[in-house]
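Listed below are the residues making up each chain.
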Amino acid sequence: GRIAMQVTDPWGNHFEILQSSDPSYDRAAHLGSQPILDGHPPSEGLAIKDLTIHVAPGSNLEGISRFYERIMGASTVNISDSSVSIAVGDRGQTLTFRCHPDGLIANDIRHH
């Protein structure tokens, strides 16, 4: 099974943090940080592959794409009726805006 952690920030945004499926890529993951150890080169920082932000159904995904392309200079890597993914960073990372899977708008989502 996959290992994931569900995170909600103070503003109610949901994040899912996933463990890499390739442990050799996460060569310092067992350390919990990337300290410099005697006899070892510095570890590379680990990257979040994708950050998905849920938006209300009917959100202007093409407008989001245009904003990131024209204002931020980023590239759209995928766009559909329900999501848009923007290339960010230099490690193949994406920022995805996806219509909420339950069809809810942010104000309708409650946490207990």
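These figures come from a predicted structure and were not determined experimentally.

Can you help me understand the overall build of the protein chain in this one?
Regarding its fold elements, the protein chain presents 1 helix and 6 strands. Scanning the protein chain from its N terminus toward the C terminus, one meets helices and strands in the order β-β-β-α-β-β-β. Here the protein chain holds 112 residues, and 19% of them are scored as buried. Sequence-distant contacts, at least 24 apart, represent 37% of the contacts inside the protein chain between residues at least 6 apart. Entry remark: accessible area of the protein chain is about 8,400 Å², with carbon and sulfur atoms responsible for 53%.

How should the packing of aromatic side chains be read in this particular structure?
Pairs of aromatic rings are described using the distance from one ring centre to the other and the angle between the two planes. Per the counting criterion, the structure on display carries 2 aromatic pairs. When the ring of Phe-67 is compared with that of Tyr-68, the centres are 5.1 Å apart and the planes differ by 90°; the resulting orientation is edge-to-face. Residue class for Phe-67 comes out partly exposed when judged on its relative accessible area of 38%. Ring geometry for Tyr-68 and Phe-97: centres 5.7 Å apart, planes at 40°, overall tilted. With Tyr-68 in helix 1 (residues 61-70) and Phe-97 in strand 6 (residues 93-99), this residue pair connects regions lying 29 residues apart in the sequence. One aromatic cluster is present, formed by Phe-67, Tyr-68 and Phe-97 through successive ring pairs.

What is the right way to read helix 1 from this model?
Turn by turn, an α-helix covers 3.6 residues, leaving residues three or four places apart pointing in a common direction. The set of residues buried in helix 1 consists of Leu-61, Gly-63, Ile-64, Ser-65 and Tyr-68. On the buried face of helix 1, the contacting elements are strand 3 (50-55), strand 4 (75-79), strand 5 (83-88) and strand 6. For helix 1, the N-terminal capping position is held by Asn-60, with its side-chain oxygen 3.4 Å away from the main-chain nitrogen of Glu-62.

For this particular structure, what's the right way to read a nonpolar patch on the surface?
Taken together, the side chains of Phe-67, Ile-71 and Met-72 present a nonpolar region at the surface, about 330 Å² in accessible area. Along the chain, Ile-71 turns up in the loop between helix 1 and strand 4.

Before we go on, may I ask you to explain the sheet that holds strand 5 in this structure?
The strands making up a sheet associate through backbone hydrogen bonding, with each pair oriented either parallel or antiparallel. Pairing in this open sheet of 4 strands is mixed, and the strands run 3-6-5-4 from one edge to the other. In the strand order of this sheet, the two ends are held by strand 3 and strand 4, each with one partner. Neighbour to neighbour, the strand axes of the sheet diverge by 20° on average, direction disregarded. Bridge count for strand 4 against strand 5 is 4 bridges, and the pairing is antiparallel. Directly across from Ser-75, in strand 5, lies its bridge partner Ala-87.

Conventions we followed
Residues numbered from 1 in each chain as written. Predicted model: local features only at pLDDT ≥ 70, side-chain atom pairs only at ≥ 80, totals over all residues. Heavy atoms only, no water. Helix = DSSP H or I, 4+ residues; strand = E, 2+ residues; numbered from the N terminus. Buried < 20%, exposed > 50% of the residue type's maximum accessible area, 1.4 Å probe, protein only. Contact = heavy atoms within 4.5 Å. Areas by Shrake-Rupley, 256 points an atom, 1.4 Å probe, with all protein chains shown as cover. Phe/Tyr/Trp six-rings, centres within 6.5 Å; stacked < 30°, edge-to-face > 60°. Polar contact = N/O pair within 3.5 Å; in protein donor to acceptor, adjacent residues only side chain to side chain. Patch = residues over 30% accessible without salt bridge, like charges linked within 9 Å, V, L, I, M, F, W, Y side chains within 5 Å. Salt bridge = Lys/Arg side-chain N within 4 Å of Asp/Glu carboxyl O. Pairing = 2+ DSSP bridges. Axes fitted to C-alpha atoms, helices over the stretch in contact; angles between N-to-C directions.

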